[in-house]
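Structural overview for review
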Amino acid sequence: MLTTQLTEIRPASISLGRGLDLKNPVLLASGTVSYGEELSKLTDLSKLGGIVTKAISLEVREGNLPQRIVETPAGMLNAIGLANVGVEKFIEEKMPFLRAQQFHTVVNIVGKSVDDYCEVVRRLEDVEGISGYEINLSCPNVKGECIIFGVDERATFEITSELRKCTNRHLMIKLTPNVTSIATIALAAERGGADSVSLINTVVGMAVNYKTRKPMLKNVTGGLSGPAIKPIALAKVWEVYNAVKIPIVGMGGITNFEDAMEFFLVGASAVQVGTMNFVSPNIGATVAEQIEHYFSTEKGTTFKNFIGSFEI
Amino acid sequence: MQIETDNEIRDLSLEVISNKQLTPSINVIVLHAPEVASRFKAGQFMEIKVNDSLFPLLRRPFSIHRVVGEQIEIMSKVVGIGTKILYSLKAGEKLQTLAPLGNTFGYDKDDFDLGVLISGGIGVAPMVMLEETLRARSKDVLNIVGARTAEELVTRYLTNVHLATDDGTAGFKGNVISLFSEILPSLKGKRLRVFACGPNPMLNALSKFCNAQEIPCEVSIESTMGCGIGICYGCPVRIKHSDGTIHNKLLCQYGSVIDAREILFDE
Ligand SMILES: Cc1cc2nc3c(=O)[nH]c(=O)nc-3n(C[C@H](O)[C@H](O)[C@H](O)COP(=O)(O)OP(=O)(O)OC[C@H]3O[C@@H](n4cnc5c(N)ncnc54)[C@H](O)[C@@H]3O)c2cc1C
Ligand SMILES: Cc1cc2nc3c(=O)[nH]c(=O)nc-3n(C[C@H](O)[C@H](O)[C@H](O)COP(=O)(O)O)c2cc1C
Ligand code: FES
């Protein structure tokens, strides 16, 4: 069971609000850690600030048919289709493991309607061992679903304010880069009562085979992630940093300590590592250790002062 | 198939002892792997990062081909960027390797005396270790090895081999299933179990054939894999349970060896 983390004495600890006090600013991203158990056999997850679970919906979902993933230069496209065990099984089967861990668990939530999202939160609200919710308004791979919220300012405001009424836990709104103005959507989340925003979710992309004349993914389009999207992610974090006051959790293509530092520089208070978990299961813990080492040895700056210290 | 118990996965940097090009597109890489060699079982696989750059990004799955003392061998066929890099790898280079992964072939089952090992193309890779394992358990072994053409046939270390090529340049002209059905009458009275690996269309046809003939059959399936360790959800297969329900399972967790009566292929 996670007791209060000793925020003061660690060199890169950070409070994102409402009890999401991270011992260091590294989380593992939703959809790239399952529910933690598999990775825990390969890395020491307690070195991390926390993990974000695979998206949870009200009902169990089988997800898309294969092919679900395809590699692209320095990245990958996925169209998993939000395969997940559903909220009840999540509580029953996955929470006992997560509750016993020394890191924060943030539950990623997806739904088809405002009611759906709220119902999942209501069911989770009394479950111990959860530190917050990351609201996925931005999955590109399920037609006609949550994406409609994430691309619309009003819908984002409405769903955030409804969710705010359902929970006292940390509410993190996850943003899609597939919009004209990400700052506008981030502001709507802030107005609705979000404690933080996380970005970016994957970038819509496609891979095709000119010989078979078919798409590589069964779903036709997918979400691009990995090092290929880092420049996009940095630009979006910087844009949002200049618009909102709530903390930003940055992600997109982080492969090492240096990449993470770039996100802090342009305004992220914490980061998430996604696709690279597939390549190096130990990557998150390594990055976390290196960040802590840097801020415990580097003179003249603290972690908090470093956030957003970008000079143009 | 059976579930492996001693399955602690290690992420190791392994040194290449040698890399032998057997054909213009198939090579065998020998790796020094004292930490995991003795724990590998026939049918298991590993995830290999072919270089330490971001392109190609993801690891690639490869079956265990052979274990010799502290050395493990993989047999690779060039199909794209990653396998091309592996083809020209030099001794002394290192490969980051997650292993051992997956379940194993059901070599310990006691419902058979003769293991029929049916492979197509690079599906021959896991058969060497499987044959050795079966022989160590005093089982008889019969190999049916298929390829498009004679040039692509690799049968090293296999015994009692029956060949099939699509173009008839070696052995039987036709596919491995036709060859198997020709051989089958001569195996009458023997308790058989089929172990197969190859392209999914071949495994699909073979599964149907074996199910219809009521011959126990297990197949090592191919799928794109993003991680090999159950965290990307990129490798689903349709499984039909004994109660008739159908569910997606992750091949890297549930397989890669699956009973022919359970697997539903994407047609
Ligand atoms: C459990 C398992 C065991 C395997 N064992 C072996 C082995 O022992 N020897 C061997 O040579 N190969 C094996 N494979 C297949 C091997 O993983 C792929 O050939 C390899 O990943 C291709 O990498 P690439 O970078 O060369 O190809 P890419 O450039 O990634 O792709 C080139 C082409 O290969 C196809 N491809 C990519 N990945 C796979 C895949 N996993 N299966 C089938 N086609 C794929 C792509 O669709 C594309 O058409 C195994 C696959 C699995 C799932
Ligand atoms: C295979 C895969 C599955 C994902 N599933 C989810 C998900 O269920 N919910 C979600 O909010 N984001 C999901 N994402 C997006 C990631 O959390 C992250 O936003 C994105 O991949 C960018 O980070 P990266 O480049 O470090 O991977 C998924 C990403 C990948 C690669
Ligand atoms: S390959 Fe990633 S879950 Fe199976």
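Residues numbered from 1 in each chain as written. Chains lettered and ligands numbered in written order. Predicted model: local features only at pLDDT ≥ 70, side-chain atom pairs only at ≥ 80, totals over all residues. Heavy atoms only, no water.

Looking now at the overall build of chain B. The secondary structure content of chain B amounts to five helices and 17 strands. Over its C-alpha atoms chain B spans a radius of gyration of 18 Å, differing by no more than 12% from the 18 Å that the globule rule assigns to 267 residues. On the principal axes, the C-alpha backbone points of chain B span a range of 50 × 45 × 35 Å. Burial statistics for chain B: of 267 residues in total, 56% are counted as buried. A total of about 11000 Å² of accessible surface is found on chain B, and carbon and sulfur atoms cover 50% of it. The centroid of the 28 positive side-chain charges in chain B is displaced by 1 Å from the centroid of its 31 negative side-chain charges. (Helix = DSSP H or I, 4+ residues; strand = E, 2+ residues; numbered from the N terminus. Rg over C-alpha atoms; globule rule 2.2 N^0.38 Å. Buried < 20%, exposed > 50% of the residue type's maximum accessible area, 1.4 Å probe, protein only. Areas by Shrake-Rupley, 256 points an atom, 1.4 Å probe, with all protein chains shown as cover. Lys, Arg positive; Asp, Glu negative; His and termini not counted. Charge placed at Lys NZ, Arg CZ, Asp CG, Glu CD.)

Bringing helix 2 (residues 127-136) of chain B into the picture now. All names here are of chain B. Burial within helix 2 is extensive, with seven of its ten residues counted as buried. Looking at helix 2, one finds that the buried residues are Met127, Val128, Met129, Leu130, Glu131, Thr133 and Leu134. Elements in contact with the buried residues of helix 2: strand 5 (66-68), strand 8 (114-120), strand 9 (140-147) and strand 12 (192-197). With its phi angle positive at about 60 degrees, serine 138 sits one or two positions after the end of helix 2. (Contact = heavy atoms within 4.5 Å.)

Before going further, it helps to examine the environment of valine 50 of chain B. With respect to the helices and strands, valine 50 of chain B occurs in the loop between strand 3 (45-49) and strand 4 (60-63). Sequence separation between valine 50 of chain B and phenylalanine 172 of chain B is 122 residues, and the spatial gap between their C-alpha atoms is 36 Å.

Moving on: helix 6 (residues 182-192) of chain A. Taken together, the buried positions of helix 6 of chain A are Ile182, Ala183, Ile185, Ala186, Ala188, Ala189 and Gly192 of chain A. Glycine 193 of chain A, located one to two residues past helix 6 of chain A, shows a positive phi value of around 110 degrees.

This prediction gives chain B a mean pLDDT of 95; 98% of its residues lie at or above 70. Under the prediction, the complex receives an ipTM of 0.94, its pTM being 0.95. (pLDDT = per-residue confidence, 0-100.)

By nearness alone, 24 residues border ligand 2, and Ser30, Lys174, Gly226, Gly253 and Thr275 of chain A come closest of all. Nearby residues place ligand 2 at the junction of chains A and B. A distance of 2.8 Å separates an oxygen atom of ligand 2 from a polar backbone atom of serine 30 of chain A. Note that an oxygen atom of ligand 2 is positioned 2.9 Å from one of the side-chain N or O atoms of asparagine 108 of chain A. Protein chains bury 98% of the 600 Å² of accessible surface belonging to ligand 2 in isolation. Tallied by class, the residues present in the shell around ligand 2 amount to nine nonpolar, 13 polar and two charged. (Near = heavy atom within 4 Å. Polar contact = N/O pair within 3.5 Å; in protein donor to acceptor, adjacent residues only side chain to side chain. Nonpolar A, V, L, I, M, F, W, Y, C, P; charged D, E, K, R; others polar.)

Attention now moves to the nonpolar core. One finds Leu124 of chain A together with Val116, Ile118, Phe180 and Val194 of chain B to be the most contacted residues of the largest nonpolar core, which totals 147 residues. Per element, the largest residue contribution to this core is six residues, and it comes from helix 2 (residues 87-99) of chain A. Each of two domains, domain 1 (10-101) and domain 2 (114-264) of chain B, supplies a minimum of three residues to this core. Apart from residues no more than four positions distant in its own chain, valine 116 of chain B is found in contact with Leu142, Ile144, Phe180, Leu187, Leu192, Arg193, Val194 and Phe195 of chain B. The next biggest cluster of nonpolar side chains, apart from the first, holds 45 residues, and it includes Leu31, Phe40, Val50 and Leu130 of chain B. (Core = buried A, V, L, I, M, F, W, Y, C linked by side-chain atoms within 4.5 Å. Domains from an automatic or database assignment.)

Turning our attention to the packing of aromatic side chains. Overall, the coordinates contain twelve aromatic pairs over all chains when judged by the stated rule. Taken together, a centroid distance of 5.6 Å and an interplanar angle of 90 degrees make the contact between tyrosine 117 of chain A and phenylalanine 149 of chain A edge-to-face. One end of the pair, tyrosine 117 of chain A, is in helix 3 (residues 114-125); the other, phenylalanine 149 of chain A, is in helix 4 (residues 147-150), with 32 residues separating them in the sequence. Note on accessibility: tyrosine 117 of chain A and phenylalanine 149 of chain A belong to one class, buried. On the basis of an interplanar angle of 65 degrees and a centroid distance of 5.6 Å, the ring pair of phenylalanine 112 of chain B and phenylalanine 195 of chain B is categorised as edge-to-face. Here phenylalanine 112 of chain B is found in the loop between strand 7 (94-101) and strand 8, whereas its partner phenylalanine 195 of chain B is found in strand 12, with 83 residues between them in sequence. Accessibility expressed as a relative area gives 1% for phenylalanine 112 of chain B, which makes it buried. Site record: aromatic cluster; members linked through ring pairs are Phe257, Phe264, Tyr294, Phe295, Phe303 and Phe306 of chain A. (Phe/Tyr/Trp six-rings, centres within 6.5 Å; stacked < 30°, edge-to-face > 60°.)

Residue and element names in this part refer to chain B. Tallied over the entire structure, the rule returns two cavities of 30 Å³ or more. Put simply, the second largest cavity is a space of about 30 Å³. Lining the second largest cavity we find Ile26, Gly121, Ile122, Val124, Val145, Glu152, Leu153 and Val154. Looking at the lining of the second largest cavity residue by residue, the classes come out as six nonpolar, one polar and one charged. (1 Å grid on protein atoms, 1.4 Å probe; cavity = no way out; pocket = protein on both sides within 12 Å on 5 of 7 lines; lining within 4 Å. Points joined across faces, edges and corners; volume = space filled by probe spheres on them.)

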